[in-house]
Amino acid sequence: MTTAATIATIDVSSLRRTSVPSNAPPAPLRWSVADVAALYELPFMDLLFQAQQVHRAHFDASEVQLSTLLSIKTGGCAEDCGYCPQAASADSGVEATKLMPLNEVMAAAQAARDQGATRFCMGAAWRSPKERDMDCVTEMVRGVRSLGLETCMTLGMLQASQAQALKDAGLDYYNHNLDSAPEFYGSVITTRTYQDRLDTLGHVRQAGINVCCGGIVGMGESRLERAGLIAQLANLEPYPESVPINNLVPVPGTPLADTPLLDPFEFVRTIAVARITMPLAMVRLSAGREQMDESQQALCLLAGANSIFYGDKLLTTSNPQADRDRQLFDRLGIKAQGARPAAHPAP
Ligand code: SAM
Ligand code: DTB
Ligand code: SF4
C-alpha cells in the first residue's frame, strides 16, 4: 500500500486553541495520514496489543459507557448524504415527522435512564436548525439534564449563536461527524462541504460544548481514506472528547445500499487506530452493531472502544436489544460506566 499520502488542505484554524498567539506558526499536525496508515498496516495482533496498552493507560478496560439515541425529528431531510435513510431523496420508506413534543422526549429519556444509560443523544434530520426550533430544543436539553443524564444533540450545521444557546441551556456534547476523509467526502455528499462541517465544529468548541465527532467506514473508501478520516479527527485541536465510529448500515433505497461489506477485522482495526491516535477520547462502537456478531463486538471492545449506543433503536434503524447487550456484558465481565466528566475540558 502506498504511504505517499498527503494531508488535505482544510482550514482547521478555527479549531486550534485560542491561547495560541495569532502570529505563531501553526503547530505541526500530530498525525500524518502516512503515520495513521502505518498503524493500519501493523499485524492485527500487534495493533490490538498497542491499542490495549493505550486504552489501559487511561481507562478501566472493563467499563463501557452507554448512550441512548432518540430521533426527535425524523426524515424528509434536504441533504443528500448517500448513506442516510432520512434524506428526502432516498427511497427508504422512512416517513417524515414533525419535531417531537417535549413530553415524549422526556418519557424516552426517563426510560433510557431506567435501562442504565448515562448519556441521551437527540438527533434531528435537519441540514441545520431553524431559529424557530431553538426554543424547543433548548427546552429538551434542560428537561433531559434535569433527569441527571448527560445530554447530546445532533441537529446538523450550527451558527455560533445557536451553539451558544445550546451551551446556555446546559448541553454537554454536540455530535457532528466529519464522516469520511476529505478526498472521499464529495462522492457521498454534495449539499454541504467538509469545510462547513469544520466550521460547525469550531462554533461548538468556541461555545465550550464537548465535541462528539467521528465518521462512517464501509462506504467503499480505501484503507488510506480510512486513515485520512482518523488523521483529520486526531488532528483537531483538541481532538474530540467522543469519537463515534459507525459501520455503514446499508439501507435499501439509499445510494450506498449495495456497497460491499467491510471486512470485519478492518472495522476492528479502525477502532484500534482511533484509540491509539486519540488516547483520552471515548471511542464509541456506533452504528452497525446489529450486523456484527458478538465476537466482533468483543474484539472492538478489546481494541479500545469504551462506549456503545444502547437501546433497541438507533435513529431509524435497529440496534441490538438492551437485554442482549446486558447478556453480552455479563459474559465478558463488562460493567456499565456511571456518569463521568469529559476526558478533557473544552478551552
Ligand atoms: N442531520 C444531522 C447531521 O447529519 O449532522 C444529524 C443526524 S445524522 C443521521 C448523524 C450521523 O449518523 C451522520 O453524520 C452519520 O455519520 C450517521 N449515519 C447516518 N446514516 C447512517 C448509516 N446508514 N450507517 C451508519 N451511520 C449513519
Ligand atoms: C453517530 O455517529 N451515529 C449515530 C449518532 N451519531 C447520531 C447515528 C447512527 C444512525 C444510523 C442510521 C439510522 O438509524 O438512521
Ligand atoms: Fe440529513 Fe443528517 Fe441524514 Fe445527512 S445524515 S441526510 S444531514 S439527517
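Residues numbered from 1 in each chain as written. Chains lettered and ligands numbered in written order. Predicted model: local features only at pLDDT ≥ 70, side-chain atom pairs only at ≥ 80, totals over all residues. Heavy atoms only, no water.

**Overview of the site of ligand 2**
Keep this limit in mind: The cutoff for a nearby residue is simple: one of its non-hydrogen atoms must lie within 4 Å of the molecule or strand. Whenever two N or O atoms come within 3.5 Å, that pair is a polar contact, provided that in protein one can donate a hydrogen and the other can accept it, and provided that, for residues adjacent in sequence, both atoms are side-chain atoms. Using a 1.4 Å probe, accessible areas were evaluated by the Shrake-Rupley method; residue-level cover was limited to the displayed protein chains. Grid spacing is 1 Å over the protein atoms alone, the probe is 1.4 Å, and a cavity is where that probe fits but cannot get out, while a pocket is an open set with protein on both sides within 12 Å along at least five of seven lines and lining residues have an atom within 4 Å of a point. Any molecule with more than half of its atoms within 2 Å of a cavity's or pocket's grid points is regarded as sitting in that cavity or pocket. Classes in brief: Ala, Val, Leu, Ile, Met, Phe, Trp, Tyr, Cys and Pro nonpolar; Asp, Glu, Lys and Arg charged; the others, Gly included, polar.
Taken together, the neighbourhood of ligand 2 is formed by 13 residues, with Asn177, Asn246, Leu315, Thr316 and Thr317 sitting nearest. One nitrogen or oxygen atom from the main chain of Leu315 is found 3.1 Å from an oxygen atom belonging to ligand 2. Take Thr317: an N or O atom from its side chain is 2.8 Å from an oxygen atom of ligand 2. Contact with the protein chains hides 89% of the accessible area of ligand 2, taken as 410 Å² for the molecule alone. Placement of ligand 2 is best described as lying within the largest cavity. Residues of the shell around ligand 2, tallied by class, amount to seven nonpolar, six polar and no charged.

**Focus: the environment of Ile271**
Applied cut-off: Counting from the N terminus, the helices are DSSP H or I runs at least four residues long and the strands are E runs at least two residues long. Note on exposure labels: buried denotes an accessible area under 20% of the residue type's maximum, exposed denotes more than 50%, and partly exposed covers the range between, all computed with a 1.4 Å probe on protein chains only. The contact criterion used is simple: two residues touch if any of their non-hydrogen atoms lie within 4.5 Å.
Relative to the elements of secondary structure, Ile271 occurs in helix 9 (residues 264-277). We classify Ile271 as buried; its relative accessible area is 0%. Measuring from C-alpha to C-alpha, the distance between Ile271 and Pro244 comes to 9.5 Å, with 27 residues separating the pair along the chain. Filtering out sequence-adjacent residues up to four positions away, Ile271 remains in contact with Ile245, Val283, Leu285, Cys300, Ala303, Gly304 and Ala305.

**Considering the packing of helix 5 (residues 160-168) against helix 7 (residues 194-207)**
The condition is simple: All axes here are fitted lines through C-alpha atoms, helices being fitted over the stretch that makes contact, and every angle between N-to-C directions spans 0 to 180 degrees. Angles are sorted into four bins: roughly parallel if under 35 degrees, roughly antiparallel if over 145, roughly perpendicular if 65 to 115, and oblique for all others. Two helices that cross are described as forming a left-handed crossing if the nearer one is turned anticlockwise from the farther one by less than a right angle, and a right-handed crossing if clockwise.
It is at 8 Å that the axes of helix 5 and helix 7 come closest, and there the two elements cross at 40°. The orientation of helix 5 relative to helix 7 falls into the category oblique. Between helix 5 and helix 7 lies a crossing of right-handed hand. Contacts from Ala160, Ala163, Gln164 and Lys167 in helix 5 reach His203, Val204 and Ala207 in helix 7.

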